[in-house]
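Spelled out from the first residue to the last, the chains are:
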Amino acid sequence: NYEFSGLDWKEGACQTGKRQTPIHIHETETTPAPDSEAYGVLGDLPDGTLEYEHNKLQVEYDRGVFNLKNHMGETKFKSLQFHFHGPADHHIDHYNYDIEFHVVFQNVEDPTRFLATGIFFHRDPLATERNEFLDSLNLDEVAEGFNKRDVKLSGLYDRFIGKRIYNYDGSLSVPPCTENVEWIVFSEPIRVPESQILPFLKMWSYNKE
C-alpha cells in the first residue's frame, strides 16, 4: 500500500536498510559495464492465476529463466512470480512512468538470493499497437480474489535486445525490504495506448506519485 509513500512500513530493513529499492537512476551517474551480459526468457502461462487485492496484482509464475554474467562469473535464476506497481517504483532522470512490471527470480544455487527485472509501461497518445501481454490479463474484468488467465509473455524481453539496462544491488521493494535482490531495470518503456493503462490507474487511484 503506497498511500503513505512507505512511511508506515516499520518491518525489517525498511527503516534501517542502506541499500533500499527503489532508487532514482541518474543516467549521468551510471557506469558502463562492458563485461556484463544479461539474458532472460519468459514463456506463456496458459493456466495462470491472477491474484488481485487492494494493493496487490500478482501471478505465481515458473515459466521464466534469467542468466546474469559479469566479472564474478555466471549466475542463473528461475522465476517465482510477477507483479505490478503503479506509478512506477524507479525514477529515470526525474521521470516517473505509469506502470512498472516486476518479474522476481530466485538464484538456482543460493535460494536466499533473488533477481528482479523492471519493465516500464507508459501511455502514449500516439501509440496504436496494443500490448498482447497486457491484453491477456483482461484487467477490465478483474475481480477481487483469484482470476484465471491465459497469460501471453513470450518474447517480451526480446523487445529490449541491444537497449540499455541498469543493474544494481538492492532490496525487496515491499516489506520486509530485505537487501538480497539484484536488480535489472530496462531503460526504455513500452509505450501503449492509454486504454491499456487506465485499468491500473483506476485500481490504484490512491497511490501517490
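We now turn to the structure provided with this report. Small disclaimer: the values here were computed from a predicted structure and weren't measured.

Reading the values: the criteria
Residues numbered from 1 in each chain as written. Predicted model: local features only at pLDDT ≥ 70, side-chain atom pairs only at ≥ 80, totals over all residues. Heavy atoms only, no water. Phe/Tyr/Trp six-rings, centres within 6.5 Å; stacked < 30°, edge-to-face > 60°. Helix = DSSP H or I, 4+ residues; strand = E, 2+ residues; numbered from the N terminus. Buried < 20%, exposed > 50% of the residue type's maximum accessible area, 1.4 Å probe, protein only. Salt bridge = Lys/Arg side-chain N within 4 Å of Asp/Glu carboxyl O. Disulfide = S-S within 2.5 Å. Contact = heavy atoms within 4.5 Å. Polar contact = N/O pair within 3.5 Å; in protein donor to acceptor, adjacent residues only side chain to side chain. Patch = residues over 30% accessible without salt bridge, like charges linked within 9 Å, V, L, I, M, F, W, Y side chains within 5 Å. Areas by Shrake-Rupley, 256 points an atom, 1.4 Å probe, with all protein chains shown as cover. 1 Å grid on protein atoms, 1.4 Å probe; cavity = no way out; pocket = protein on both sides within 12 Å on 5 of 7 lines; lining within 4 Å. Points joined across faces, edges and corners; volume = space filled by probe spheres on them. Nonpolar A, V, L, I, M, F, W, Y, C, P; charged D, E, K, R; others polar. Core = buried A, V, L, I, M, F, W, Y, C linked by side-chain atoms within 4.5 Å.

**Some details on the packing of aromatic side chains**
Within a pair of aromatic rings, the relevant descriptors are the distance that separates the centres and the angle that separates the planes.
Here is step 1 of the chain: Counted under the stated rule, the structure contains 17 aromatic pairs.
Here is step 2 of the chain: Measuring from ring centre to ring centre gives 5.5 Å for Tyr61 and Phe82, while their planes differ by 65°; the resulting arrangement is edge-to-face. Of the two residues, Tyr61 sits in the loop between strand E4 (56-60) and strand E5 (64-70) while Phe82 sits in strand E6 (residues 73-85), which places them 21 residues apart along the sequence. An identical accessibility class is assigned to Tyr61 and Phe82; each is buried.

**Description of the pattern of salt bridges**
Here is step 1 of the chain: Under the criterion given, the structure shown has 9 salt bridges.
Here is step 2 of the chain: For Arg123, the salt bridge goes to Asp98, with nearest N and O atoms at 3.0 Å. Residue Arg123 is found in strand E9 (residues 114-123), and its partner Asp98 is found in the loop between strand E7 (91-92) and strand E8 (99-107); the two are separated by 25 residues along the sequence.
Here is step 3 of the chain: Residue Arg123 is classed as partly exposed on the basis of its relative accessible area, which comes to 30%.
Here is step 4 of the chain: Several salt bridges converge on common partners, so that one network encompasses Asp47, Asp62 and Arg63.

**A look at the state of the cysteines**
Here is step 1 of the chain: What the rule picks out here adds up to 1 disulfide.
Here is step 2 of the chain: Disulfide pairing is shown between Cys14 and Cys177; the S-S distance is 2.1 Å. Around the S-S axis, the bridge from Cys14 to Cys177 shows a dihedral of about 85° and counts as right-handed. Placement of the pair is Cys14 in the segment before strand E1 (24-25) and Cys177 in the loop between strand E11 (165-170) and strand E12 (181-186), with a sequence separation of 163 residues. Of the two residues, Cys14 and Cys177, neither departs from the other in class, the shared state being buried.

**Some points on the environment of Trp183**
Here is step 1 of the chain: Mapped onto the secondary structure, Trp183 falls in strand E12.
Here is step 2 of the chain: Judged by its relative accessible area of 2%, Trp183 falls in the buried class.
Here is step 3 of the chain: Here the alpha-carbon distance between Trp183 and Gly118, two residues 65 residues apart in the chain, equals 7.6 Å.
Here is step 4 of the chain: Once residues within four sequence positions are removed from consideration, Trp183 is found in contact with Thr21, His90, His102, Ala116, Tyr166, Asn167, Tyr168, Gly170 and Ser171.
Here is step 5 of the chain: Within polar-contact distance, the side chain of Trp183 engages the side chain of Thr21 at 3.1 Å.

**Here's the deal with a nonpolar patch on the surface**
Here is step 1 of the chain: A contiguous nonpolar surface patch, about 270 Å² in accessible area, is contributed by Tyr39, Val41 and Val65.
Here is step 2 of the chain: Within the secondary structure, Val41 is located in strand E2 (residues 37-42).
Here is step 3 of the chain: The partly exposed category is assigned to Val41, whose relative accessible area is 37%.

**Topic: the layout of surface pockets**
To find leftover empty space, one rolls a probe the size of a water molecule over the atoms.
Here is step 1 of the chain: Each pocket or cavity is described by its volume, and for the largest pocket that value is around 960 Å³.
Here is step 2 of the chain: Surrounding the largest pocket, 38 residues form its lining, Ser36, Ile165, Tyr166, Asn167 and Ile184 being those nearest its centre.
Here is step 3 of the chain: Those elements that place two or more of their residues in the lining of the largest pocket are E1, E2, E5, E11 and E12.
Here is step 4 of the chain: No other element matches the 5 residues that E11 contributes to the lining of the largest pocket.
Here is step 5 of the chain: Considered class by class, the residues forming the lining of the largest pocket number 18 nonpolar, 11 polar and 9 charged.

**Notes on the side chain of His102**
Here is step 1 of the chain: Among the secondary structure elements, His102 is positioned in strand E8.
Here is step 2 of the chain: Taking relative accessible area as the criterion, His102 reaches 0% and is therefore assigned buried.
Here is step 3 of the chain: Side-chain polar atoms of His102 contact the side chain of His85, separated by 3.4 Å.
Here is step 4 of the chain: What His102 contacts, discounting residues up to four positions off in sequence, is Gln81, Phe82, His83, His85, Asp89, Thr117, Gly118, Ser173 and Trp183.

**Points about the nonpolar core**
Here is step 1 of the chain: Core analysis: the largest hydrophobic core is formed by 37 residues, its most contacted members being Phe82, Phe84, Phe101, Phe121 and Phe133.
Here is step 2 of the chain: Contact partners of Phe84, with chain neighbours within four places excluded, come to Leu57, Ile99, Glu100, Phe101, Phe133, Leu134, Leu137, Phe200 and Trp204.
Here is step 3 of the chain: Grouped together as the second largest cluster of nonpolar side chains are 12 residues, Ile25, Ile92, Phe120 and Trp183 included.

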